[in-house]
Amino acid sequence: MNVGIVGTGLLGKAVATRLINSGHKVTVYNRTREKTKPLEKLGASVVDSPRKVAEKSDTVITIVKDASAVESVAFGKDGIADGRHDGLVVADMSTINPISSKKIAARYKEYGIIMIDSPVMGGPPLAEKGQLIVMIGGDKAAYEKCRSVFDSIGEKTFYLGSNGAADAMKIAMNLQISILALAISEGIILAKKSGLDPLLFLEVLNSTYFKTGMSQIKGPKMAKGIFEPSFFLSVMQKDLDEINYTAKEFGANLPVARLANELYQSAVKEGLGMIDYTGIMAYLEKISKGT
Ligand SMILES: NC(=O)c1ccc[n+]([C@@H]2O[C@H](COP(=O)([O-])OP(=O)(O)OC[C@H]3O[C@@H](n4cnc5c(N)ncnc54)[C@H](OP(=O)(O)O)[C@@H]3O)[C@@H](O)[C@H]2O)c1
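Residues numbered from 1 in each chain as written. Predicted model: local features only at pLDDT ≥ 70, side-chain atom pairs only at ≥ 80, totals over all residues.

When helices and strands are tallied, the protein chain shows 14 helices and 9 strands. The globule rule puts the C-alpha radius of gyration for 291 residues at 19 Å, and the 20 Å found for the protein chain is close to it. Here the protein chain holds 291 residues, and 46% of them are scored as buried. Long-range contacts, defined here as pairs at least 24 residues apart, represent 67% of the contacts in the protein chain between residues at least 6 apart. (Helix = DSSP H or I, 4+ residues; strand = E, 2+ residues; numbered from the N terminus. Rg over C-alpha atoms; globule rule 2.2 N^0.38 Å. Buried ≥ 20, exposed ≤ 12 C-beta atoms within 10 Å, placed from the backbone. Contact = placed C-beta atoms within 7 Å.)

Structure below.
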(Lines give C-alpha, C1' and ligand atoms only; values in the text may rest on other atoms or scores of the structure.)
Protein backbone atom coordinates (compact mmCIF):
# COMPACT_ATOMS: atom_id res chain seq x y z
CA MET A 1 0.00 0.00 0.00
CA ASN A 2 1.17 3.58 -0.69
CA VAL A 3 1.09 5.30 2.67
CA GLY A 4 1.72 8.97 3.39
CA ILE A 5 2.84 10.40 6.70
CA VAL A 6 2.35 14.08 7.41
CA GLY A 7 4.29 15.01 10.55
CA THR A 8 7.53 13.21 11.37
CA GLY A 9 8.05 14.28 14.97
CA LEU A 10 8.79 11.68 17.65
CA LEU A 11 5.73 9.53 16.91
CA GLY A 12 5.45 10.18 13.15
CA LYS A 13 9.07 9.19 12.57
CA ALA A 14 8.59 5.92 14.46
CA VAL A 15 5.35 5.08 12.63
CA ALA A 16 6.97 5.83 9.25
CA THR A 17 9.98 3.68 10.16
CA ARG A 18 7.75 0.75 11.05
CA LEU A 19 5.72 1.09 7.84
CA ILE A 20 8.88 1.20 5.69
CA ASN A 21 10.28 -1.83 7.52
CA SER A 22 7.05 -3.73 6.93
CA GLY A 23 7.18 -3.21 3.19
CA HIS A 24 4.86 -0.27 2.56
CA LYS A 25 5.80 2.46 0.09
CA VAL A 26 6.00 5.53 2.29
CA THR A 27 5.92 9.22 1.34
CA VAL A 28 6.57 11.77 4.08
CA TYR A 29 6.25 15.48 4.69
CA ASN A 30 7.31 17.47 7.72
CA ARG A 31 7.12 21.24 8.21
CA THR A 32 10.75 21.16 9.33
CA ARG A 33 12.27 19.15 6.48
CA GLU A 34 15.44 18.31 8.42
CA LYS A 35 13.50 15.80 10.53
CA THR A 36 12.70 13.66 7.46
CA LYS A 37 16.38 12.93 6.71
CA PRO A 38 16.63 9.65 8.67
CA LEU A 39 13.48 8.42 6.92
CA GLU A 40 14.87 9.32 3.50
CA LYS A 41 17.88 7.14 4.33
CA LEU A 42 15.51 4.27 5.14
CA GLY A 43 13.83 4.61 1.73
CA ALA A 44 10.96 7.06 2.27
CA SER A 45 10.13 9.48 -0.48
CA VAL A 46 10.30 13.02 0.94
CA VAL A 47 8.07 15.71 -0.59
CA ASP A 48 7.60 19.38 0.11
CA SER A 49 3.87 19.62 0.81
CA PRO A 50 0.98 17.64 2.34
CA ARG A 51 -0.71 17.94 -1.10
CA LYS A 52 2.08 15.91 -2.70
CA VAL A 53 1.84 13.30 0.05
CA ALA A 54 -1.89 12.93 -0.69
CA GLU A 55 -1.33 12.72 -4.44
CA LYS A 56 1.09 9.80 -3.99
CA SER A 57 -0.82 7.88 -1.32
CA ASP A 58 -3.85 5.61 -0.85
CA THR A 59 -3.87 6.38 2.87
CA VAL A 60 -2.45 9.49 4.53
CA ILE A 61 -1.79 9.50 8.27
CA THR A 62 -1.52 12.91 9.92
CA ILE A 63 0.58 12.92 13.12
CA VAL A 64 0.96 16.55 14.13
CA LYS A 65 0.80 18.43 17.39
CA ASP A 66 -2.78 19.63 17.78
CA ALA A 67 -6.08 20.38 16.07
CA SER A 68 -4.90 23.65 14.52
CA ALA A 69 -1.88 21.83 13.04
CA VAL A 70 -4.21 19.12 11.68
CA GLU A 71 -6.37 21.82 10.04
CA SER A 72 -3.32 23.55 8.63
CA VAL A 73 -1.88 20.43 6.93
CA ALA A 74 -5.36 19.42 5.76
CA PHE A 75 -6.85 22.64 4.42
CA GLY A 76 -3.96 25.13 4.27
CA LYS A 77 -2.10 26.06 1.08
CA ASP A 78 -0.97 22.88 -0.71
CA GLY A 79 -2.74 20.91 1.97
CA ILE A 80 -4.02 17.33 1.82
CA ALA A 81 -7.40 18.45 0.47
CA ASP A 82 -5.63 19.92 -2.59
CA GLY A 83 -4.20 16.47 -3.34
CA ARG A 84 -7.55 14.67 -3.23
CA HIS A 85 -8.25 11.75 -5.54
CA ASP A 86 -10.71 8.87 -5.66
CA GLY A 87 -10.40 6.46 -2.76
CA LEU A 88 -8.12 8.62 -0.63
CA VAL A 89 -8.54 7.89 3.09
CA VAL A 90 -7.05 10.19 5.71
CA ALA A 91 -6.40 8.83 9.20
CA ASP A 92 -5.62 11.38 11.89
CA MET A 93 -3.31 9.96 14.57
CA SER A 94 -2.74 13.25 16.40
CA THR A 95 -4.24 13.46 19.87
CA ILE A 96 -7.03 16.01 19.53
CA ASN A 97 -10.40 16.48 21.19
CA PRO A 98 -13.45 14.71 19.73
CA ILE A 99 -15.33 17.93 18.99
CA SER A 100 -12.54 19.29 16.75
CA SER A 101 -12.09 15.83 15.23
CA LYS A 102 -15.74 15.67 14.13
CA LYS A 103 -15.53 19.17 12.63
CA ILE A 104 -12.36 18.30 10.71
CA ALA A 105 -13.91 15.05 9.38
CA ALA A 106 -16.98 17.00 8.22
CA ARG A 107 -14.75 19.52 6.44
CA TYR A 108 -12.82 16.73 4.71
CA LYS A 109 -16.16 15.29 3.59
CA GLU A 110 -16.91 18.53 1.72
CA TYR A 111 -13.86 17.70 -0.41
CA GLY A 112 -15.05 14.11 -0.92
CA ILE A 113 -12.35 12.75 1.43
CA ILE A 114 -13.12 10.26 4.20
CA MET A 115 -11.27 10.96 7.45
CA ILE A 116 -11.13 8.50 10.31
CA ASP A 117 -9.66 9.20 13.73
CA SER A 118 -6.90 6.73 14.59
CA PRO A 119 -5.14 7.82 17.79
CA VAL A 120 -2.78 5.37 19.45
CA MET A 121 -1.52 4.32 22.86
CA GLY A 122 2.19 3.59 23.19
CA GLY A 123 5.12 5.75 22.22
CA PRO A 124 7.83 5.65 19.56
CA PRO A 125 9.60 2.47 20.79
CA LEU A 126 6.35 0.47 20.60
CA ALA A 127 5.50 2.04 17.23
CA GLU A 128 8.81 0.83 15.80
CA LYS A 129 8.05 -2.69 17.04
CA GLY A 130 4.48 -2.65 15.68
CA GLN A 131 3.03 -2.89 19.18
CA LEU A 132 0.81 0.18 19.41
CA ILE A 133 -2.78 -0.01 20.57
CA VAL A 134 -4.85 1.65 17.85
CA MET A 135 -8.30 3.18 18.34
CA ILE A 136 -10.50 3.90 15.32
CA GLY A 137 -13.50 6.20 14.93
CA GLY A 138 -15.36 6.87 11.69
CA ASP A 139 -16.36 5.07 8.49
CA LYS A 140 -15.82 1.35 9.09
CA ALA A 141 -15.41 0.50 5.39
CA ALA A 142 -12.67 3.13 5.10
CA TYR A 143 -10.93 1.58 8.10
CA GLU A 144 -11.20 -1.90 6.57
CA LYS A 145 -9.63 -0.55 3.39
CA CYS A 146 -6.47 0.57 5.18
CA ARG A 147 -6.51 -2.10 7.85
CA SER A 148 -3.16 -3.55 6.72
CA VAL A 149 -1.52 -0.25 7.64
CA PHE A 150 -2.87 -0.37 11.19
CA ASP A 151 -2.04 -4.07 11.48
CA SER A 152 1.58 -3.19 10.67
CA ILE A 153 1.91 -0.64 13.46
CA GLY A 154 -0.44 -2.02 16.09
CA GLU A 155 -0.79 -5.24 18.03
CA LYS A 156 -4.44 -4.55 18.76
CA THR A 157 -7.03 -2.29 17.14
CA PHE A 158 -10.33 -1.21 18.67
CA TYR A 159 -13.05 0.01 16.32
CA LEU A 160 -15.04 2.37 18.55
CA GLY A 161 -17.77 3.89 16.38
CA SER A 162 -18.37 7.17 14.60
CA ASN A 163 -15.92 10.07 14.12
CA GLY A 164 -14.62 11.44 17.41
CA ALA A 165 -15.20 8.22 19.38
CA ALA A 166 -11.55 7.17 19.20
CA ASP A 167 -10.30 10.65 20.11
CA ALA A 168 -12.68 10.70 23.10
CA MET A 169 -11.22 7.36 24.21
CA LYS A 170 -7.65 8.53 23.63
CA ILE A 171 -7.91 11.64 25.78
CA ALA A 172 -9.53 9.60 28.58
CA MET A 173 -6.43 7.36 28.31
CA ASN A 174 -4.03 10.31 28.46
CA LEU A 175 -5.79 11.55 31.58
CA GLN A 176 -4.58 8.29 33.17
CA ILE A 177 -1.01 8.81 31.96
CA SER A 178 -0.70 12.43 33.06
CA ILE A 179 -2.06 11.72 36.55
CA LEU A 180 -0.05 8.51 36.96
CA ALA A 181 3.16 10.45 36.23
CA LEU A 182 2.17 12.88 39.00
CA ALA A 183 1.41 10.06 41.46
CA ILE A 184 4.72 8.26 40.84
CA SER A 185 6.60 11.57 41.05
CA GLU A 186 5.05 12.49 44.39
CA GLY A 187 5.71 8.96 45.71
CA ILE A 188 9.39 9.20 44.78
CA ILE A 189 9.69 12.70 46.28
CA LEU A 190 7.99 11.66 49.53
CA ALA A 191 10.15 8.53 49.80
CA LYS A 192 13.32 10.61 49.29
CA LYS A 193 12.24 13.24 51.85
CA SER A 194 11.58 10.38 54.29
CA GLY A 195 15.15 9.18 53.87
CA LEU A 196 14.22 6.16 51.73
CA ASP A 197 15.97 5.01 48.57
CA PRO A 198 13.58 5.92 45.70
CA LEU A 199 14.59 2.75 43.83
CA LEU A 200 13.46 0.76 46.87
CA PHE A 201 10.17 2.67 46.80
CA LEU A 202 9.74 1.49 43.19
CA GLU A 203 10.78 -2.07 44.04
CA VAL A 204 8.10 -2.28 46.71
CA LEU A 205 5.49 -0.64 44.44
CA ASN A 206 6.39 -2.97 41.58
CA SER A 207 5.92 -5.99 43.86
CA THR A 208 2.27 -5.05 44.40
CA TYR A 209 -1.00 -5.06 42.49
CA PHE A 210 -0.49 -1.28 41.99
CA LYS A 211 2.52 -1.62 39.70
CA THR A 212 2.18 -0.18 36.19
CA GLY A 213 4.24 -0.19 33.02
CA MET A 214 5.17 3.37 33.95
CA SER A 215 6.39 2.47 37.44
CA GLN A 216 8.35 -0.44 36.00
CA ILE A 217 9.89 1.13 32.88
CA LYS A 218 9.95 4.90 33.40
CA GLY A 219 10.03 4.82 37.22
CA PRO A 220 13.73 3.93 37.64
CA LYS A 221 14.69 6.66 35.14
CA MET A 222 12.53 9.17 37.04
CA ALA A 223 14.24 8.19 40.31
CA LYS A 224 17.61 8.89 38.65
CA GLY A 225 16.43 12.19 37.12
CA ILE A 226 16.65 10.92 33.52
CA PHE A 227 13.93 12.49 31.39
CA GLU A 228 14.97 11.69 27.81
CA PRO A 229 11.83 12.42 25.79
CA SER A 230 9.67 9.81 24.10
CA PHE A 231 6.70 12.16 24.64
CA PHE A 232 7.37 15.83 25.32
CA LEU A 233 5.96 17.34 28.51
CA SER A 234 4.58 20.25 26.45
CA VAL A 235 2.61 17.77 24.31
CA MET A 236 1.14 16.17 27.45
CA GLN A 237 0.15 19.65 28.64
CA LYS A 238 -1.60 20.17 25.29
CA ASP A 239 -3.48 16.91 25.90
CA LEU A 240 -4.60 18.21 29.30
CA ASP A 241 -6.00 21.27 27.51
CA GLU A 242 -7.93 18.88 25.23
CA ILE A 243 -9.14 16.83 28.21
CA ASN A 244 -10.35 19.88 30.13
CA TYR A 245 -11.99 21.41 27.05
CA THR A 246 -13.83 18.15 26.32
CA ALA A 247 -14.89 17.81 29.97
CA LYS A 248 -16.34 21.33 29.86
CA GLU A 249 -18.15 20.73 26.55
CA PHE A 250 -19.61 17.39 27.69
CA GLY A 251 -20.44 18.53 31.25
CA ALA A 252 -17.96 16.40 33.23
CA ASN A 253 -16.54 17.92 36.42
CA LEU A 254 -12.88 16.74 36.60
CA PRO A 255 -11.08 18.62 39.40
CA VAL A 256 -7.98 16.39 39.23
CA ALA A 257 -7.63 17.01 35.49
CA ARG A 258 -7.84 20.76 36.11
CA LEU A 259 -5.16 20.63 38.81
CA ALA A 260 -2.96 18.37 36.66
CA ASN A 261 -3.16 20.92 33.83
CA GLU A 262 -2.12 23.75 36.18
CA LEU A 263 0.95 21.74 37.25
CA TYR A 264 1.98 20.80 33.70
CA GLN A 265 1.40 24.42 32.57
CA SER A 266 3.68 25.66 35.36
CA ALA A 267 6.34 23.10 34.37
CA VAL A 268 6.21 24.34 30.76
CA LYS A 269 6.58 27.94 32.02
CA GLU A 270 9.67 26.79 33.96
CA GLY A 271 11.21 25.68 30.64
CA LEU A 272 10.59 21.93 31.07
CA GLY A 273 8.37 21.50 27.98
CA MET A 274 10.95 19.69 25.87
CA ILE A 275 11.85 16.94 28.35
CA ASP A 276 9.82 13.74 28.80
CA TYR A 277 6.40 14.20 30.41
CA THR A 278 7.65 12.19 33.41
CA GLY A 279 9.93 15.20 33.97
CA ILE A 280 6.90 16.68 35.74
CA MET A 281 8.81 15.20 38.70
CA ALA A 282 11.59 17.77 38.18
CA TYR A 283 9.00 20.53 38.55
CA LEU A 284 7.44 18.95 41.65
CA GLU A 285 10.91 18.50 43.19
CA LYS A 286 11.67 22.14 42.50
CA ILE A 287 8.56 23.43 44.28
CA SER A 288 9.11 20.87 47.04
CA LYS A 289 12.54 22.36 47.84
CA GLY A 290 11.03 25.60 49.07
CA THR A 291 8.71 23.85 51.56
N1 LIG B 1 5.13 10.69 21.39
C2 LIG B 1 4.20 9.87 21.83
O3 LIG B 1 4.48 8.95 22.62
C4 LIG B 1 2.77 10.00 21.36
C5 LIG B 1 1.89 8.91 21.60
C6 LIG B 1 0.57 9.00 21.19
C7 LIG B 1 0.11 10.15 20.56
N8 LIG B 1 0.96 11.20 20.35
C9 LIG B 1 0.41 12.39 19.65
O10 LIG B 1 0.97 12.46 18.35
C11 LIG B 1 1.09 13.85 17.96
C12 LIG B 1 2.57 14.12 17.63
O13 LIG B 1 3.30 13.91 18.82
P14 LIG B 1 4.89 13.78 18.84
O15 LIG B 1 5.24 13.11 20.11
O16 LIG B 1 5.37 13.22 17.55
O17 LIG B 1 5.27 15.33 18.97
P18 LIG B 1 6.49 16.15 18.31
O19 LIG B 1 7.71 15.32 18.27
O20 LIG B 1 6.49 17.44 19.04
O21 LIG B 1 5.99 16.38 16.80
C22 LIG B 1 4.99 17.30 16.49
C23 LIG B 1 4.79 17.30 14.99
O24 LIG B 1 3.74 18.23 14.65
C25 LIG B 1 4.26 19.11 13.66
N26 LIG B 1 3.56 20.38 13.76
C27 LIG B 1 3.33 21.11 14.88
N28 LIG B 1 2.63 22.22 14.57
C29 LIG B 1 2.45 22.20 13.22
C30 LIG B 1 1.80 23.06 12.30
N31 LIG B 1 1.18 24.18 12.72
N32 LIG B 1 1.78 22.72 11.00
C33 LIG B 1 2.39 21.59 10.58
N34 LIG B 1 3.04 20.72 11.39
C35 LIG B 1 3.04 21.03 12.70
C36 LIG B 1 5.73 19.21 13.96
O37 LIG B 1 6.43 19.76 12.86
P38 LIG B 1 7.87 20.46 13.11
O39 LIG B 1 8.85 19.32 13.16
O40 LIG B 1 8.06 21.34 11.94
O41 LIG B 1 7.78 21.22 14.41
C42 LIG B 1 6.05 17.74 14.21
O43 LIG B 1 6.09 17.01 13.02
C44 LIG B 1 0.57 14.68 19.13
O45 LIG B 1 -0.78 15.01 18.92
C46 LIG B 1 0.71 13.74 20.32
O47 LIG B 1 -0.19 14.05 21.36
C48 LIG B 1 2.29 11.15 20.72
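Before going further, it helps to spend a moment on the pairing of strand E8 (residues 132–137). Counting buried positions along E8 yields 5 of 6 residues, so the element is predominantly enclosed. In this sheet, E8 lies alongside strand E7 (residues 120–121) in antiparallel orientation, the contact comprising 2 bridges. Across the sheet, residue Met 121 finds its bridge partner in E8, namely Ile 133. Pairing between E8 and strand E9 (residues 154–161): 6 bridges, direction parallel. Paired with Leu 132 across the strands is Gly 154, a residue of E9. (Pairing = 2+ DSSP bridges.)

Here we come to unusual backbone geometry. The residue Asp 78 is not glycine, and still its phi comes out positive at about 55 degrees. Along the chain, the position of Asp 78 falls in the loop between helix H4 (67–75) and strand E5 (89–92).

Looking now at the domain arrangement of the protein chain. As assigned here, the protein chain comprises domain 1 (2–163) and domain 2 (168–289). Each of domain 1 and domain 2 has a C-alpha centre, and the two are 28 Å apart. With 15 residues of domain 1 at the interface, the matching set in domain 2 holds 16 residues. Elements supplying a minimum of two residues to the side of domain 1 that touches domain 2: helix H5 (98–110) and helix H6 (124–128). Considering only residue class, the side of domain 1 that touches domain 2 consists of 10 nonpolar, 3 polar and 2 charged. (Domains from an automatic or database assignment. Nonpolar A, V, L, I, M, F, W, Y, C, P; charged D, E, K, R; others polar.)

The next subject is the environment of Val 134. One can find Val 134 in strand E8. For Val 134, a count of 23 C-beta atoms within 10 Å puts it in the buried group. In the structure, Val 134 is positioned 95 residues away from Pro 229 in sequence and 21 Å away in space, judged by C-alpha atoms. In contact with Val 134, other than residues within four places in its own chain, are Ser 118, Val 120, Phe 150, Gly 154 and Thr 157.

Right, let's get into the site of the ligand. By nearness alone, 26 residues border the ligand, and Gly 9, Arg 31, Thr 32, Ala 69 and Gly 123 come closest of all. Every element with two or more residues in the shell around the ligand is listed here: helix H1 (10–21), H4 and helix H12 (233–250). Looking at the shell around the ligand, its residues break down into 11 nonpolar, 11 polar and 4 charged. No fewer than three residues from each of domain 1 (2–163) and domain 2 (168–289) sit in the shell around the ligand. (Near = placed C-beta within 6 Å.)

A word on the packing of H4 against H5. Where H4 meets H5, the axes come as close as 11 Å, and the angle between the chain directions of the two elements is 5 degrees. As summarised for this structure, H4 and H5 are arranged roughly parallel, according to the angle between their axes. Seen from H4, the contacting residues are Ala 67, Val 70, Glu 71, Ala 74 and Phe 75; seen from H5, they are Ser 100, Ile 104, Arg 107 and Tyr 108. Here the residues of the contact of H4 with H5 sort into 6 nonpolar, 1 polar and 2 charged. (Axes fitted to C-alpha atoms, helices over the stretch in contact; angles between N-to-C directions. Parallel < 35°, antiparallel > 145°, perpendicular 65-115°, else oblique.)

With that settled, the discussion passes to helix H11 (residues 213–223). Among all positions of H11, only Ser 215, Lys 218, Gly 219, Met 222 and Ala 223 are buried. The buried residues of H11 occupy an angular sector of 140 degrees when the element is viewed end-on, so they sit on one face. Opposite the packed face of H11, turned more than 90 degrees from it, sit the exposed residues Gly 213, Gln 216 and Ile 217. Against the buried residues of H11 lie helix H9 (165–193), helix H10 (198–205) and helix H14 (280–289). Downstream of H11 by one or two residues, Gly 225 has phi in the positive range, about 75 degrees. (Arc of directions from axis to C-beta.)

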